[in-house]
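Residue-level structure breakdown
What follows is each chain in one-letter form.
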Amino acid sequence: MSSVKSLPHARKRQWGAEKRTQPLPTVHPRPSSRTITWSRVAIVLTVLFWAVYVVTTIIRQFIDGGQQDFRFTMEAIGYLVVVTFLTFSALMYLVAREGALQRFSKHVRVPRAELDRHFTENRSSITVLVPSYAEEPHVVRATLLSAALQEYPSIKVVLLLDDPPFPKHPSVLSRLEETRALADDITAMLAEPRERFAAALACFEAVTATGAISDDLAVAHAHALAEHYAFAAQWLTDAGQNETLDDHVDLFFVEQVLGGLADELLLTGRAIATAVEEGAALSADRLGQLYRRLAWTFDAELDVFERKKFASTSHEANKAMNLNAYIGLMGGRYNLAETPKGPALLPVADGEPCDVSIADSDFLLTLDADSILLRDYCLRLVYFLQQPDNGRVAVTQTPYSSFRGAATRIERLAAATTDIQHVLHQGMSHFGATFWVGANAVIRKVAIEDIVETEFVGGFEVKRYIQDRTVIEDTESSVDLGTHGWSLVNYPERLSYSATPPDFGSLVVQRRRWANGGLLILPKLWRQVRARKRRGEQVSILELMLRVNYMASIAWASFGLVFLLAYPYDGRLLSPVVLLAALPYFLAMASDLHYAGYRRTDVLRIYGFNLIMLPVNLAGVLKSMQQALTGKKIPFVRTPKVKNRTAAPLLYVVTPFLIVAFSLLTLWRDVNAGNWGNAAFAGINAVLASWAIVAYIGIGNALVDTWLGLIKPLYVTRTEPVAEKTTATDAAALDWRSVLYHGHADEAVPMLEAAAAPHRAAASARPASPSFGARESDGTGAHEEKKAA
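Below is a summary of the structure that appears in this document. In every chain, residue numbers begin from 1 and rise along the written sequence. Predicted model: local features are reported for residues with pLDDT of at least 70 only, side-chain atom pairs are reported and counted for 80 or more only, and whole-chain, interface and lining totals are derived from all residues. Hydrogens and water molecules were not included; the side-chain quantities draw on all heavy atoms of the structure.

Moving on: the overall build of the protein. Counting secondary structure elements, the protein contains 28 helices and 15 strands. In the protein, which comprises 789 residues, the share counted as buried stands at 51%. For the protein, the accessible surface area stands at approximately 37000 Å², while carbon and sulfur atoms represent 60% of it. Helix and strand assignments come from DSSP, with helices taken as H or I runs of at least 4 residues and strands as E runs of at least 2, each series counted from the N terminus. Burial here depends on accessible area, computed with a 1.4 Å probe over protein chains only, as a share of the maximum for the residue type. Under 20% is buried, over 50% is exposed, and the range in between is partly exposed. Areas reported as accessible are Shrake-Rupley estimates using a 1.4 Å probe. Residue values count occlusion only from the protein chains shown.

This next bit is on the side chain of Thr500. Mapped onto the fold, Thr500 is located in the loop between strand 15 (496-498) and helix 16 (504-514). Leaving out residues up to four positions away in the same chain, Thr500 has contacts with Ser402, Glu411, Ala414, Ala415 and Thr418. For this analysis, residues touch if any pair of their heavy atoms sits within 4.5 Å.

Note on patches: the residues involved have over 30% relative accessible area and no salt bridge, like charges join within 9 Å, and the nonpolar side chains Val, Leu, Ile, Met, Phe, Trp and Tyr join within 5 Å. When a carboxyl oxygen of Asp or Glu is within 4 Å of a side-chain nitrogen of Lys or Arg, the pair counts as a salt bridge. Residues Leu519, Phe559, Phe563, Tyr567, Leu622 and Met625 make up a contiguous nonpolar surface patch of about 490 Å² in total accessible area. Secondary-structure elements contributing two or more residues to the nonpolar patch are helix 18 (541-566) and helix 21 (614-630). In this fold, Tyr567 is placed in the loop between helix 18 and helix 19 (576-595).

What follows covers the sheet that holds strand 3 (residues 301-305). Note on pairing: DSSP must find at least two bridges between two strands before they are called paired. Taken in spatial order, the seven strands of this open sheet run 3-2-1-7-11-9-14, and their pairing is mixed. Either end of the sheet is taken by a strand with one partner, and the two such strands are strand 3 and strand 14 (487-490). Here the average twist between neighbouring strands, direction ignored, is 20°. For strand 1 (residues 126-132) and strand 7 (residues 363-367), the ladder comprises four bridges, and the chain directions are parallel. Of the residues in strand 7, the one forming a bridge with Ile126 is Phe363. To define axes, lines are fitted to C-alpha atoms, for helices over the stretch in contact only, and angles between the resulting N-to-C directions are given on a 0 to 180 degree scale.

Another aspect to go through is the nonpolar core. Working definition of a nonpolar core: buried Ala, Val, Leu, Ile, Met, Phe, Trp, Tyr and Cys residues. They are joined through side-chain atoms within 4.5 Å. Formed by 80 residues in total, the largest nonpolar core has its most connected members in Ile126, Leu144, Tyr152, Leu236 and Val442. With residues up to four places along the chain from it excluded, the contact list for Ile126 reads Tyr152, Ser154, Ile155, Lys156, Ser361, Phe363, Leu364, Leu365, Cys378, Val382 and Val442.

Bringing the packing of aromatic side chains into the picture now. Only Phe, Tyr and Trp rings are paired, with Trp represented by its six-membered ring, and only when their centres lie within 6.5 Å; those with planes under 30 degrees apart are stacked, over 60 edge-to-face, the remainder tilted. Summed over the entire model, instances satisfying the criterion amount to 22 aromatic pairs. Connected via pairs of aromatic rings, a cluster forms that spans Tyr53, Tyr79, Tyr567 and Tyr569. Cation placement over rings: the criterion is NZ of Lys or CZ of Arg within 6 Å of the ring centroid and within 35° of the ring normal. The ring of Trp486 has Arg392 sitting right over it, with the charged end atom 3.7 Å from the ring centre. Over the ring of Phe72 we find Arg572; its NZ or CZ atom is 4.1 Å from the centre of that ring.

Quick look at the pattern of salt bridges now. Applying the stated rule across the entire model yields 39 salt bridges. Salt-bridge contacts for Arg464 lead to Glu455; the nearest nitrogen and oxygen are separated by 2.1 Å. Arg464 gets classed as buried once you look at its relative accessible area, which sits at 8%. For the salt bridge of Arg535 with Glu537, the shortest nitrogen-to-oxygen distance reads 3.0 Å. On the accessibility criterion, Arg535 (39% relative accessible area) is partly exposed. Each of Arg112, Asp116, Glu151, Glu264, Arg286, Arg293 and Arg375 takes part in a single network of salt bridges with overlapping partners.

Let's shift gears to helix 19. What a helix should span is 1.5 Å times the count of its residues minus one. An ideal rise of 1.5 Å per residue puts 28 Å on 20 residues; helix 19 measures up with 29 Å between its terminal C-alpha atoms. Remark: the principal bend of helix 19, roughly 35°, maps to Ala582, with a proline, Pro584, within the next four residues. Within helix 19, burial applies to Val577, Val578, Ala581, Pro584, Ala588, Met589, Ala590, Asp592 and Leu593. Looking at the buried side of helix 19, the elements it contacts are helix 1 (33-64), helix 2 (70-106), helix 13 (409-430) and helix 20 (602-612). The positive-phi residue at the C-terminal boundary of helix 19 is Gly597, with phi of around 90°. In this scheme, the bend at a residue equals the angle between the axes fitted to the seven residues that finish there and the seven that begin there.

All right, on to the sheet that holds strand 5 (residues 342-347) then. The three strands are arranged 5-4-6 in an open sheet whose pairing can be described as antiparallel. The open sheet has two edge strands, strand 5 and strand 6 (356-358), and neither has a second partner. Between one strand axis and the next, the sheet turns through 35° on average, direction left out of account. Strand direction decides the pairing type here: strand 4 (residues 332-339) and strand 6, joined by three bridges, are antiparallel. Across the sheet, the residue bridging to Gly332 is Ile358, located in strand 6. Sitting on the sheet, helix 11 (residues 319-329) is in contact with strand 4, strand 5 and strand 6, with an inclination near 115° to strand 4.

So, on to the environment of Asp350. One can find Asp350 in the loop between strand 5 and strand 6. Placed 18 residues apart in sequence, Asp350 and Gly332 show a C-alpha to C-alpha distance of 9.0 Å.

Here we take up the packing of helix 13 against helix 20. One can describe the packing of helix 13 onto helix 20 by two numbers: an axis separation of 11 Å at closest approach and a directional angle of 100°. Taken together, helix 13 and helix 20 sit at an angle that is classed as roughly perpendicular. Facing helix 13, whose interface residues are Ile410, Arg412, Leu413 and Thr417, helix 20 presents Asp602, Arg605, Ile606 and Phe609. In the contact of helix 13 with helix 20, the residues fall into four nonpolar, one polar and three charged. An angle below 35 degrees is read as roughly parallel, one above 145 as roughly antiparallel, one from 65 to 115 as roughly perpendicular, and any other as oblique. As a working rule, the residues Ala, Val, Leu, Ile, Met, Phe, Trp, Tyr, Cys and Pro are called nonpolar, Asp, Glu, Lys and Arg charged, and the rest polar, with Gly in that last group.

Time to look at the side chain of Ser624. Inspection of the secondary structure puts Ser624 in helix 21. Excluding residues within four positions of it along the chain, Ser624 makes contact with Ala515, Asn516, Gly517, Gly518 and Leu520.

What follows concerns unusual backbone geometry. Positive phi values are uncommon outside glycine, yet Ala134 reaches one of about 55°. A relative accessible area of 30% means that Ala134 is categorised as partly exposed. Of note in this structure, Ser154 is not a glycine but carries a positive phi near 55°. As for its placement among the helices and strands, Ser154 is situated in the loop between helix 4 (137-148) and strand 2 (155-161). You can call Ser154 partly exposed: its relative accessible area is 42%.

Okay, structure coming up:
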């Protein structure tokens, strides 16, 4: 196994970066009874200590103190509200964690032979949709190849390329052309094993079609099958050796996707050969399943679709509409009609000839362009959806895990929070509170047909399967599906991985987007609950609490932390019992970090990390409030993926330093006042936030980003030169296609003005009529020239 230190082109590694590259086990270890017991004890203690605090501190102050002034009363109420909301979030963490342990203790992995038997009889089609915008081609290639090598029948992989289709900059055009060629390149790469195994399967099926085969013929086919598996393993190994290793993600792709599949196929081939040597007879059905497994692994169909090339598809700049544009065309036949805005896809009736046909599919798999799937992701998740008890499950997924071996400290810590979230999402499924996490998911297509909204824009039909009202479109769609009687489930294994931002600037973009939208979706949750109750469904209080916490906890936790940091609460409201109420949460998180392969002390680093991310979370929450007031959509900002570093905005660089400064001021003030509880809290915040600034932002990077933020307003964006005055020659170049297509609409007005300019100029040169009064020809002429221009 390679090491991240040995990568020839790897990003420069920081001190404190992660050394481990081996991912966590695919199947979660079964927790012990002791672990489950302590998880329940933690829940009880959190509730108990909160209740003790309310009685012994808040209520006691009003009983023992007698008459309290207005200020103290408001402080007590405010402090209790803040503590209660923060304790509630900690409690929901513990509840979700306990649910995850329950699921891990009961999960039994489906045997491979059962999967092979099932898909021999049930060959449902699946289309993998990979939305991509301005991604590096090698990143997209790994994603596409991990999807193409799924051991699944009838799989189609479509790259939804959302870059501007006609860029002018040479480097951008070169990257776009390289990305467009990926589908053909991968198809050509897989041609040799695909053709070999398809021919072998056809030969075997031709022999078995005539009836039962003899024992000698079965043995001969078993020997041939073992050789085919050995060939496939060697082919994958050679492909891995030809890959370029630039970072830990490339290392994961080679070792876990190509190498993992090679190891499994090699082991299967050896098992077949050993069975023959021991005289065991493999049935014709089993041999057929093993032949099909090889053929299915390499037979993916790949394609590229660019919605911005077509005038009839939505061009709204977000991932949801990129997905919606293609899903809305699936199952249809279209002719290409030329328009001034580009070709339009016009529906064609069945039986008539068409230019474009887009196949429909039973299942969809949405996959981010920086995510990677393990080999049996589709096989196991579709099998789960096809079980009789899961007929109303619309979406299933494995919440993504992080790539190990991060080169920077902030990427390692962000990866730790990602792996913690994986566990929490698994626990939420235990209580029926699953949310779709957009990096990857298998979707039952008939389910999203239930929630589709249709409108006509510019005469063309636009379908919205996935809502784009907020930038967390997956969360809103989860609520919509529940309203229509569908459920979502997280599959309790680690089968998908996604990249984590490697620097503070790119992480700011990602976390600000995550913090935006939850409050806007919350009213839909109440409508879902009412709809489910009308259908006679039970909505458990734990499910409701987990869902509310998931959507709104960033808002109340951010504002609550601001109040605790900024307001000098009366020392009588502080109590060690508050710390005891929070202690089970921090101990449980420390245990979870250790379980995920991190240090227990990372729980303190995460607290400091959350302090410096406080302005980012607040900005996302405030954006939600802005959208609620104005009704204007917040633009979808994709997480930058660059080899170097993304500069962070000035506000998010300066504010962490202000948090440290204010914490030190509070410490000094409380020490002088003898308010030791507040002083201790302020001191801890100052220390941990300072460490987070040094470790995760960097003093040098902070200075550079501050300077860039200060001088940025001094620069003006270069604009295109003003058009020259229209002449008669320009008018002759009238775009008659646009005039005939649009009519006298806004799009055609500039062209009509250009055509009329010579006539207006001639009219202005003639003497003015006395009956209408004199007008200065110079002023009129200048006015008309400006209009024409």
